[in-house]
Amino acid sequence: MNELSLFIQAAAHPDECAARIQNQGKKIIGYLCSYTPEEIIHAAGAHPVRLFGTGETILNADRHLQSYCCSLARGVLENAVSGRLDFLDGAVFPHTCDTIQRLSDIWRLNTDFGFFADVVLPVKFDTESARDYLREVLEKFKEELERWLNITITDQSLGRSFEIYNTIRKKLTELYELKSENPELISGRDLAAVVKGTMIMERDSLPDHLGRLIAEIKSGLYTRSDTGKKKRLILSGSICDHPDFYELLEKSGGIVVGDDLCTGERFFEGEIEQTGSPMKAISRRYAERTICPAKHVSERARGEALIKKVKDRNAQGVIFLFVKFCDPHAFDYPYIKEMLEKESIPGIMIEVEDQLPPEGQLKTRFETFIHML
Ligand code: SF4
Ligand code: SF4
């Protein structure tokens, strides 16, 4: 079996992958936002698994959440109350968007997975007092895990986790650089599966798997033959759990050469310093990485970061991929679009739910946009 198929399998069947890790004696902790301090969970000897929407019809979740909540929150809750997440031993909810904050209360009252934690992060990261507060919040989360597992999370175990996560993040960055320089080396669909796989697979062995995968990619094992000239695009939004999206885009003449997604580059951007206080080091990474719309560092930070990415990657346009009813991204869209227009960077906005719009409809929109570039 080649390395890529390991990632594809984990991405397609996260429950099976988590169950195997659980059988090794590890507790499985679910999370649905990239502001979850995974490194602390890992240092506690538990295993963090990112949760995604459901591919199933939403029936039970509608008893608890309004139908105008995003499909990610409704889908995760549907899976939880329908028994499809029974492999979890607990879940963590960082305070980010309103939907995740409210989902946290509903989850606490309607599920029984053992461990539950709210990580009440500050909204802004740009002041010393906010970073002090963030450090305290992370410390409290660490203590909650210690109490639940009856262990002590030492600075040594945190340092080891930082090293593993830093290596994983560096290798994912290298993969994205390879894709941007030589888009034909791996398809967008496969690259998305690799990133998703890293949110699910056992972390200790991930650096080795990623290292071997990069060697396979460089050797041309996954090089595609349809290497015709494609328009280089950046994808911006919250999550993208739609492998078909990349395939359809590539069939339409476009190619994703970078993203601003919390299931993409925002998830693995930045390293954690190995010196000084561990909680301070985690806080610093949160403060320094590209901000998501549920957090604040400045009024133009997201637009500036996106424009920089478009230029750095030599991209010709931006596709805003929004989950329907995702208010934080919808609120930011007008000002970011205006900033892009001032730089003559074209953009298109596409809203999706758990399912993509019909293929023909999406392809027509892609082709029209790509033709215009
Ligand atoms: S967009 Fe922001 S708040 Fe929403 S899931 Fe991603 S990191 Fe969390
Ligand atoms: S940021 Fe948007 S997509 Fe993510 S959980 Fe919040 S509302 Fe849903």
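Higher on the page you've got the structure.
About the criteria used
- Residues numbered from 1 in each chain as written.
- Chains lettered and ligands numbered in written order.
- Predicted model: local features only at pLDDT ≥ 70, side-chain atom pairs only at ≥ 80, totals over all residues.
- Near = placed C-beta within 6 Å.
- Nonpolar A, V, L, I, M, F, W, Y, C, P; charged D, E, K, R; others polar.
- Helix = DSSP H or I, 4+ residues; strand = E, 2+ residues; numbered from the N terminus.
- Buried ≥ 20, exposed ≤ 12 C-beta atoms within 10 Å, placed from the backbone.
- Pairing = 2+ DSSP bridges.
- Right-handed = clockwise from strand over helix to strand, strands pointing away.
- Axes fitted to C-alpha atoms, helices over the stretch in contact; angles between N-to-C directions.
- Parallel < 35°, antiparallel > 145°, perpendicular 65-115°, else oblique.
- Left-handed = near helix turned anticlockwise from the far one by under 90°.
- Contact = placed C-beta atoms within 7 Å.
- Core = buried A, V, L, I, M, F, W, Y, C linked by C-beta atoms within 7 Å.

A. Representation of the site of ligand 1 in the model. Residues in contact with ligand 1, as listed here, are C33, S34, Y35, T96, C97, S238, C262, C292 and A294. Considering only residue class, the shell around ligand 1 consists of six nonpolar, three polar and no charged.

B. Seen up close, the site of ligand 2. The local shell around ligand 2 consists of C70, L72, A73, C97, T99, I100, S238, A294, V323, C326, P328 and H329. Breaking the shell around ligand 2 down by element, the ones donating at least two residues are α4 (71-81), α5 (98-110) and α14 (327-342). The residue makeup of the shell around ligand 2, split by class, is nine nonpolar, three polar and no charged.

C. Structural context of the pairing of strand β7 (residues 317-323). By the criterion of burial, β7 is predominantly enclosed, with five of the seven residues buried. The sheet contact formed by strand β5 (residues 231-237) and β7 spans five bridges and is parallel. Residue pairing across strands places G237 opposite L321, the latter belonging to β7. In the classification by handedness, the crossover that spans β7, the intervening α14 and the parallel strand β8 (residues 347-352) is right-handed.

D. Broad picture of the packing of helix α6 (residues 128-149) against helix α12 (residues 278-288). Packing of α6 against α12 leaves a shortest axis separation of 9 Å and a crossing angle of 125°. The pairing of α6 with α12 is recorded here as oblique in orientation. Handedness of the crossing formed by α6 with α12: right-handed. Mapping the contact onto sequence places R131, L134, R135, L138 and E139 in α6 and M279, K280, I282, S283, Y286 and A287 in α12. For the contact of α6 with α12, the per-class residue count stands at six nonpolar, one polar and four charged.

E. Quick look at the nonpolar core. I29, I40, A73, I200, L233, L235 and V318 are the most contacted members of the largest nonpolar core, which totals 105 residues. It is helix α7 (residues 155-181) that contributes the most residues to this core, six residues altogether. Look past the residues within four positions of A73 in its chain and what remains in contact with it is L65, T99, I100 and L103.

F. Inspection of the environment of F125 at higher detail. Considering the arrangement of structural elements, one finds F125 in the loop between β4 (115-119) and α6. On the basis of neighbour count, F125 is assigned to the partly exposed category, with 19 C-beta atoms found within 10 Å. For the pair F125 and M349, spaced 224 residues apart in sequence, the C-alpha to C-alpha distance is 28 Å. Setting aside chain neighbours within four positions, we find F125 in contact with A130, R131, Y286, A287, K295 and V297.

G. Spatial organisation of the sheet that holds β8. Here we have four strands laid out as an open sheet, ordered β6-β5-β7-β8, and parallel in their pairing. Looking at the sheet topology across the chains shown, the edges are occupied by β6 (254-260) and β8. Ignoring which end each strand starts from, the neighbouring axes of this sheet average 30° apart. Two elements, β5 and β6, share six bridges in a ladder whose sense is parallel. Within β6, the position partnered with I234 by the bridge is G258. Across the sheet, helix α13 (residues 301-312) lies against β5, β6 and β7, angled at about 140° from β6, the strand it touches most.

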